[in-house]
Amino acid sequence: MRKLVLVAMLALAGCQPQGQKEGAGAAATSSAAAANPQTDEQKTLYALGLSIGKSVSVFDMTPEELEFVKAGLTAQVKGEKPAVELETYGPKLQELARSRSTRRAEAEKEKSKKFLEEAAKEPGAVKTESGLVYKDITAGTGESPKASDVVKVHYKGTLPNGTEFDSSYKRGEPTQFPLQGVIKCWTEGVQKMKVGGKAKLVCPSDIAYGDRGAPPNIPGGAALVFEVELLEIVKPPEAPPAATPPATPPSAAEKK
């Protein structure tokens, strides 16, 4: 629904001046056409709408609030006199974005509470002091990595509603990274695994991406679920043996 509203916003930007009225049928036809772009140029304009949608999603707007954004966009594109001064209200955007982002993150964390509680009740699941819920899917038989190790894994990540936001399986190759260079949930959880094993990590936002999230795919405050397959602990390359220094010829004094 929000996507369609954004497309309508772009359609408004290209419609006739306000003094010229269109019939209801023509407007409906225009909206339907905008929702189903056909030419390469139309699809590019549709992509512009998607880009705008990503940039304004942080404001967490209601459909009614989005109408004001549409009106401002329309006035700017048409060169009409704006209802407010951009110089006065433009500087307020950053603070509004911050407060809306915080509000959205708090709502997301509240929504995730029940999900985390249910995950901790699953047979075999263990909840740690940090809030991580760890569960072995397939027990490994190899070594367990240390925080200072580099590991090679296959994984997929989903939101609590099952939406997948990342997958090394889909990319067709495993991922390699230092355990100290990832989110805390991974640093802690992967150390509990053994090579050859597969585990489920359910991560509260505090040890994942926090209130900021990782836009546009991971909202602030979101709990995350990872299925991780530990393939290998990557050993650092062995240093070549030190070369034996050549013998130092005796000095003239030593010869005497």
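Definitions and cut-offs
- Residues numbered from 1 in each chain as written.
- Predicted model: local features only at pLDDT ≥ 70, side-chain atom pairs only at ≥ 80, totals over all residues.
- Heavy atoms only, no water.
- pLDDT = per-residue confidence, 0-100.
- Contact = heavy atoms within 4.5 Å.
- Salt bridge = Lys/Arg side-chain N within 4 Å of Asp/Glu carboxyl O.
- Core = buried A, V, L, I, M, F, W, Y, C linked by side-chain atoms within 4.5 Å.
- Buried < 20%, exposed > 50% of the residue type's maximum accessible area, 1.4 Å probe, protein only.
- Helix = DSSP H or I, 4+ residues; strand = E, 2+ residues; numbered from the N terminus.
- Phe/Tyr/Trp six-rings, centres within 6.5 Å; stacked < 30°, edge-to-face > 60°.
- Pairing = 2+ DSSP bridges.

*Asks:* Describe the confidence of the model for the chain, and please don't skip the residues or the numbers.
*Replies:* Model confidence for the chain is summarised by a mean pLDDT of 85, while 80% of its residues fall at 70 or above. Per-residue pLDDT stays below 50 along residues 1-25; that stretch engages in 36 contacts with residues further than four places along the chain or on separate chains.

*Asks:* Before we move on, could you go through the pattern of salt bridges and cite the residues and values that matter?
*Replies:* Across all of its chains, the model carries 17 salt bridges by this definition. Here Lys121 and Glu118 are joined by a salt bridge, their closest N and O atoms 3.8 Å apart. Look at the salt bridges and you will find they share partners, linking Glu106, Lys109 and Asp211 into a network.

*Asks:* Tell me about the nonpolar core, and name the residues and values.
*Replies:* If you look at the biggest cluster of nonpolar residues, it comprises 25 residues, and the most contacted ones within it are Val153, Trp186, Leu201, Leu224, Phe226 and Val228. Secondary structure elements with two or more residues in this core: β3 (150-158), α8 (184-191), β6 (198-203) and β7 (224-234). Ranked by the residues each element gives to this core, the list is headed by β7, at 4 residues.

*Asks:* Before we move on, can you summarise the packing of aromatic side chains with the specific residues and values?
*Replies:* Aromatic rings considered in pairs are described by the distance between their centres and by the relative angle of their planes. Within this structure, the stated rule accounts for 4 aromatic pairs. Between Trp186 and Phe226, the ring centres sit 5.2 Å apart and the planes meet at 80°, which makes this aromatic pair edge-to-face. With Trp186 in helix α8 and Phe226 in strand β7, the pair connects residues that are 40 residues apart, well separated along the chain. Across the pair, exposure class does not vary: Trp186 and Phe226 are buried alike. Three or more aromatic residues joined by ring pairs make a cluster, and in this case those are Tyr155, Phe165, Phe177, Trp186 and Phe226.

*Asks:* Outline the pairing of β3, supporting the account with residue identities and numerical values.
*Replies:* Taken together, the 4 bridges between β3 and strand β5 (residues 175-178) define a ladder with antiparallel strand orientation. Counted as the bridge partner of Val153 is Thr175 from β5. Bridge count between β3 and β7: 9 bridges; the pairing is antiparallel. Bridge pairing in β7 links Val153 to Leu230. As paired elements, β3 and strand β4 (residues 164-167) share 3 bridges and run antiparallel to each other.

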